[in-house]
Amino acid sequence: MVFEKGASSLKSVKAIETGKVAGTNNLATERKFSVLVVDDDAIIRKIHSKLLSKFPVEIQVAVNGKEAVDLYRSGAFFDLVLMDMEMPIMNGFEATKELRALGLKSLIVGVTARSSDSEKKAFMEAGLNDCHAKPLTSEMVKSLLQELNKNN
């Protein structure tokens, strides 16, 4: 978030909490985007879901990659998938590869606490469109949704 001269962090936090972040009105679409948050960490799922709830999106969650793949196999559709790298049962690498193999063309964005370039590169090669550090910020979520808006 950009702080203008004289802006207080409290006002900026209130803007995020109330959903009054500059430019969010431009995200209105004819249909809501569907976003899948895949993370084994309940706190990260809650943070990302809270950030997403400020925008006109439908939010689904999965606690591991297998749940994400099972949702897709059962007919669920997602415009955007926020995929954690390290999870039990099926990690983000495997889930991303599987979703791509099943034909998912949607935007898959890796979200990881890892900072190693080689690990991020390997995650990207699994089929991600992009990869970011977690937790995401309101500005990053807004940017991802604007990208979806442009492409749809």
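Residues numbered from 1 in each chain as written. Predicted model: local features only at pLDDT ≥ 70, side-chain atom pairs only at ≥ 80, totals over all residues. Heavy atoms only, no water.

Draft legend 1. Structural view of unusual backbone geometry. Cis peptide bonds are those with omega within 30 degrees of zero, and the linkage from K134 to P135 qualifies with 0°. Its location among the elements puts P135 in the loop between β5 (130-133) and α6 (138-151). (Helix = DSSP H or I, 4+ residues; strand = E, 2+ residues; numbered from the N terminus.)

Draft legend 2. Highlighting the packing of helix α3 (residues 65-73) against helix α4 (residues 92-101). For the pair α3 and α4, interaxial distance at closest approach is 8 Å and the crossing angle is 15°. As the angle between them shows, α3 and α4 are arranged roughly parallel. For the pair α3 and α4, the crossing hand works out as right-handed. Contacts between α3 and α4 pair G65, A68, V69, Y72 and R73 from the former with A95, E98 and L99 from the latter. The residue inventory of the contact of α3 with α4, partitioned by class, reads five nonpolar, one polar and two charged. (Axes fitted to C-alpha atoms, helices over the stretch in contact; angles between N-to-C directions. Parallel < 35°, antiparallel > 145°, perpendicular 65-115°, else oblique. Left-handed = near helix turned anticlockwise from the far one by under 90°. Contact = heavy atoms within 4.5 Å. Nonpolar A, V, L, I, M, F, W, Y, C, P; charged D, E, K, R; others polar.)

Draft legend 3. Quick look at the pattern of salt bridges. Using the criterion set out here, one finds five salt bridges in the structure. The shortest N-O distance in the salt bridge between E98 and R73 comes to 2.4 Å. One end of the pair, E98, is in helix α4; the other, R73, is in helix α3, with 25 residues separating them in the sequence. For K121, the salt bridge is made with E125, and the minimal N-O distance between the two is 3.9 Å. Of this pair, K121 and E125 both sit in helix α5 (residues 117-125), four residues apart, which is roughly one turn of the helix. (Salt bridge = Lys/Arg side-chain N within 4 Å of Asp/Glu carboxyl O.)

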